[in-house]
Amino acid sequence: MADKSDRSKQEKNKERLTNRQGHPVTQNQNIRTVGNRGPGTLENYDYIEKISHFDRERVPERVVHGRGAGAHGYFEAYGKIGDEPASKYTRAKLFQEKGKRTPVFVRFSTVIHGTHSPETLRDPRGFAVKFYTEDGNWDLVGNNIKIFFVRDAMKFPDMIHAFKPDPVTNIQDPERFFDFCASSPETFHMVTFIHSPWGIPANYRQMQGSGVNTYKLVNDDGKAVLVKFHWEPNQGIKNLTQKEAEEIQGQNFNHATQDLYEAIEEGNYPEWELYVQIMEDGEHPELDFDPLDDTKLWPEDQFPWLPVGKLVLDKNPDDYFAEVEQSAFGTGVLVDGIDFSDDKMLQGRTFSYSDTQRHRVGANYLQLPINRARTEVNTNQEGGNMRYEVDREPSKNPAINYEPSILGGYEEAEPYGKDHEPYVEGNLTRESIDRTSNTKQAGETFRQFEEWEKAELISNLVNDLSVCDQRIQDRWMELAEEADEEYGLRLREGLEKAKNGMDDSSRGPIGNTSASEATEKAEREGHEADPY
Ligand code: HEM
């Protein structure tokens, strides 16, 4: 029988260190040994539990977007899409009522390098949003730039291999990057953004976001329109010159994570407005691009940005690993009223995300608090590593883990509205789309850049291309000339100067205005950027 002093020890121990079995840890400084200098013993459970858990602290990092920062918040709907009631286009419940709030978790990221790489690198930034809606989760897995490098999912692994470090030296190499890109001319528009200041957003709060791929909105009648989603920061947009990025990196390689965390701790909650661009469902032969081609912008004058709601981030995670690292977003995670289009990248991505997450986090990754829906989840799934939730409900005959059944279990749900059932026909084929138009929009983007952005673009391209094989340089120059005369001329001039040693190629005078002159001008103006 426990005496009084045992009971008071037990009370105190409730708040003290234990192992995972709930045993009090009374010695956490020394392993168990034979004598205080003798060999260790193998039955030392506390030590073995501690060290073997430590040995498993890491899960594999994301194959891309390894470095990230996250925050919680909410999405507030305007009840409208532009001037029309939201229901005209979509029956998705989160958009219907003005002021309706849906909880969200957002993860921002860089793409190519690992979990502790600098946040100043030239790279797209990920902008992934998980909406915990009343109809289950919706993930909008986007980037800061509104287009992408390639338009067919088949090319994604090659592209990432070329952008990641060389498999022999483990060094990232611009020649590999430009070898792939020059051989894949659809990358030209995206590289025009990435090598401009748009390739280094100043932080996560002052950047745009975009779903990039084309989705569909579906209304109650099962009628669909094509849609693109974009986030516009209420903090304004700010991008960095290469020089500024290098200065920040020299002092702080976590600056974007720190900026986001501190802003939220200080109650300075970042906000973005969600906009959609809408197009009638169809091939649109009148356009010089295919609406399902993710290397293209939808011109704003023809497809205006229509506001639908706002996002506010107001809470930092309590635990980075549990919430940010283990979060799992995917393009297949849609709710009723939002549907897939035939965008080939979207289709390819949709398989990839949950596939990698079953490997990265585990078969039951959707049971983790950060990933699980905040609605009832009633599946007949069984087992798998680390399963701890049981969906079967006692009142429904808990032994029935199959459907259909006369004896109990869960029944199929009622559909919400008319299904969207597009008619599809054609030969099964492996072919590119017809309207590729690889450089036209890149020329338009170049012409919209301010002078300091153009100068940075040329300087950054010269810096990287000048170490590439001449054949790669020639191919890239042809694309630049095709896009825009000035673009082509300035790039050719810069590369020739670099070759003749007249320029250190990274900071010297290129074209009419030197990158450094333009940078100084930008510094004076604080380089707030206009959205494209
Ligand atoms: C076929 C093309 C693509 C494939 C196969 C692909 C595949 C992947 C994979 C495997 C991950 C790691 C996911 C994880 O471990 O949880 C990932 C992450 C991510 N991808 Fe893609 N991706 C593709 C294109 C894109 C595009 C076009 C965008 C931008 C719209 C994008 C945005 C993201 C983001 C933001 C993340 C990080 C999500 C997070 O924060 O956890 N990806 N992608």
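For the protein, an unreviewed UniProt entry supplies the name Catalase and the organism Allobacillus halotolerans. As its UniProt record puts it under Cofactor (unreviewed entry), the protein is described as follows: "heme". Checking UniProt for the protein, the heading Sequence similarities (unreviewed entry) contains the comment "Belongs to the catalase family."

Draft legend 1. Summary view of the overall build of the protein. Looking only at helices and strands, one finds 14 helices and twelve strands in the protein. The C-alpha extent of the protein, read off along each of the three principal axes, is 90 × 70 × 45 Å. The buried share of the protein, reckoned over its 532 residues, is 48%. Put simply, 73% of the contacts in the protein that link residues at least 6 apart link residues at least 24 apart. Carbon and sulfur atoms form 49% of the exposed surface of the protein, whose accessible area is close to 27600 Å². Distance between charge centroids for the protein: 6 Å, based on 63 positive and 96 negative side chains.

Draft legend 2. Highlighting helix α7 (residues 255-265). H255, A256, L260, A263 and I264 are the residues of α7 that are buried. One face of α7 carries all of its buried residues, which in axial projection span an arc of 160°. On its buried face, α7 is in contact with β1 (68-77), β4 (101-110), α6 (242-251) and β11 (306-315). Backbone geometry just after α7 places G267 at a positive phi near 80°.

Draft legend 3. Representation of the site of the ligand within the structure. Neighbouring the ligand are 24 residues, the closest being R62, R107, Y353, Q357 and R360. At 2.8 Å from a nitrogen atom of the ligand is found a side-chain nitrogen or oxygen belonging to Y353. For the shell around the ligand, the secondary structure elements donating two or more residues are β5 (125-133), β6 (136-143) and α9 (344-360). Looking at the shell around the ligand element by element, the count peaks at seven residues for α9. When the residues that make up the shell around the ligand are grouped by side-chain class, the tally is twelve nonpolar, eight polar and four charged.

Draft legend 4. A look at the environment of G332. The residue G332 is located in the loop between α8 (320-325) and β12 (338-340) in this model. Here G332 falls in the partly exposed class, since its relative accessible area comes to 36%. Sequence separation of G332 and E246 is 86 residues, and the distance between their C-alpha atoms is 37 Å.

Draft legend 5. Spatial organisation of the pairing of β5. For β5, a buried count of nine out of nine residues is recorded, marking the element as mostly surrounded by other parts of the structure. Burial along β5 is two-sided: the face carrying R125, F127, V129, F131 and T133 and the face carrying G126, A128, K130 and Y132 are both buried. Two strands pair when backbone bridges link them, and β4 and β5 are joined in this way by seven bridges, in the antiparallel orientation. By the bridge assignment, T110 is partnered in β5 with R125. Summarising the sheet, β5 and β6 pair through eight bridges and their orientation is antiparallel. Paired with F131 across the bridge in β6 is W138. Between β5 and β6, which pair antiparallel in sequence order, lie two residues.

Draft legend 6. Geometry of the side chain of N143. Structurally, N143 can be placed in strand β6. Other than its neighbours up to four places away in sequence, N143 contacts H65, P124, R125, G126, F127, F148, Q208, G209, S210 and V212.

Draft legend 7. Quick look at a nonpolar patch on the surface. On the surface, I31, L42, Y47, I48, I51 and F54 cluster together into a nonpolar patch covering about 580 Å² of accessible area. In this fold, I51 is placed in helix α2 (residues 45-55). For I51, a relative accessible area of 31% puts it in the partly exposed group.

Draft legend 8. A look at the domain arrangement of the protein. Split into domains, the protein comes out as domain 1 (68-367) and domain 2 (440-525). A C-alpha centroid distance of 28 Å is found between domain 1 and domain 2. Both sides together, the interface formed by domain 1 and domain 2 hides about 2500 Å², and carbon and sulfur atoms give 68% of it. The largest per-residue losses of area from domain 1 upon contact with domain 2 belong to F178, F188 and H195, which jointly make up 26% of the total buried on that side. Between D288 and K440 there is a salt bridge, with the nearest N and O atoms lying 2.6 Å from each other. Summed over the shared surface of domain 1 and domain 2, the number is ten residue pairs in polar contact (both at pLDDT 80 or more). Counting only elements with at least two residues in the side of domain 1 that touches domain 2, the list comes to α4 (174-182), α5 (188-194) and α6.

Draft legend 9. Here's a closer look at the coordination of the iron atom of the ligand. One donor from the polypeptide reaches the iron atom of the ligand: Y353 (OH), at 2.1 Å. Along the chain, Y353 turns up in helix α9.

Draft legend 10. Highlighting the state of the cysteines. On inspection of all chains with the given rule, the structure shows zero disulfides. Free of any disulfide, C181 has its nearest cysteine sulfur in C468, 9.8 Å distant. Overall, the relative accessible area of 0% leaves C181 in the buried class.

Draft legend 11. Broad picture of the environment of N44. Note that N44 resides in the loop between α1 (4-13) and α2. With eleven residues separating them in the primary sequence, N44 and T33 have C-alpha atoms 9.0 Å apart. If near-sequence neighbours (up to four positions away) are discounted, N44 is found in contact with I31 and R32. Among the polar contacts listed, one links the side chain of N44 to the backbone nitrogen of R32, at a separation of 2.8 Å.

Draft legend 12. Inspection of helix α11 (residues 451-465) at higher detail. Relative to the 21 Å expected for 15 residues at 1.5 Å per residue, α11 spans 21 Å between its end C-alpha atoms, a close match to the ideal helical length. Burial analysis of α11 places twelve of its 15 residues in the buried class, the great majority of the element. Regarding α11, the residues found buried are W452, E453, K454, A455, E456, L457, I458, S459, N460, L461, V462 and L465.

Quick notes on the rules
- Residues numbered from 1 in each chain as written.
- Predicted model: local features only at pLDDT ≥ 70, side-chain atom pairs only at ≥ 80, totals over all residues.
- Heavy atoms only, no water.
- UniProt positions renumbered as here; feature names shortened; annotations may be inferred.
- Helix = DSSP H or I, 4+ residues; strand = E, 2+ residues; numbered from the N terminus.
- Buried < 20%, exposed > 50% of the residue type's maximum accessible area, 1.4 Å probe, protein only.
- Contact = heavy atoms within 4.5 Å.
- Areas by Shrake-Rupley, 256 points an atom, 1.4 Å probe, with all protein chains shown as cover.
- Lys, Arg positive; Asp, Glu negative; His and termini not counted.
- Charge placed at Lys NZ, Arg CZ, Asp CG, Glu CD.
- Arc of directions from axis to C-beta.
- Near = heavy atom within 4 Å.
- Polar contact = N/O pair within 3.5 Å; in protein donor to acceptor, adjacent residues only side chain to side chain.
- Nonpolar A, V, L, I, M, F, W, Y, C, P; charged D, E, K, R; others polar.
- Pairing = 2+ DSSP bridges.
- Patch = residues over 30% accessible without salt bridge, like charges linked within 9 Å, V, L, I, M, F, W, Y side chains within 5 Å.
- Salt bridge = Lys/Arg side-chain N within 4 Å of Asp/Glu carboxyl O.
- Domains from an automatic or database assignment.
- Buried area = accessible area lost by both parts, 1.4 Å probe.
- Donors = N, O, S within 2.8 Å, 3.2 Å for Na, K, Ca; no water.
- Disulfide = S-S within 2.5 Å.
- Expected span 1.5 Å × (residues − 1).

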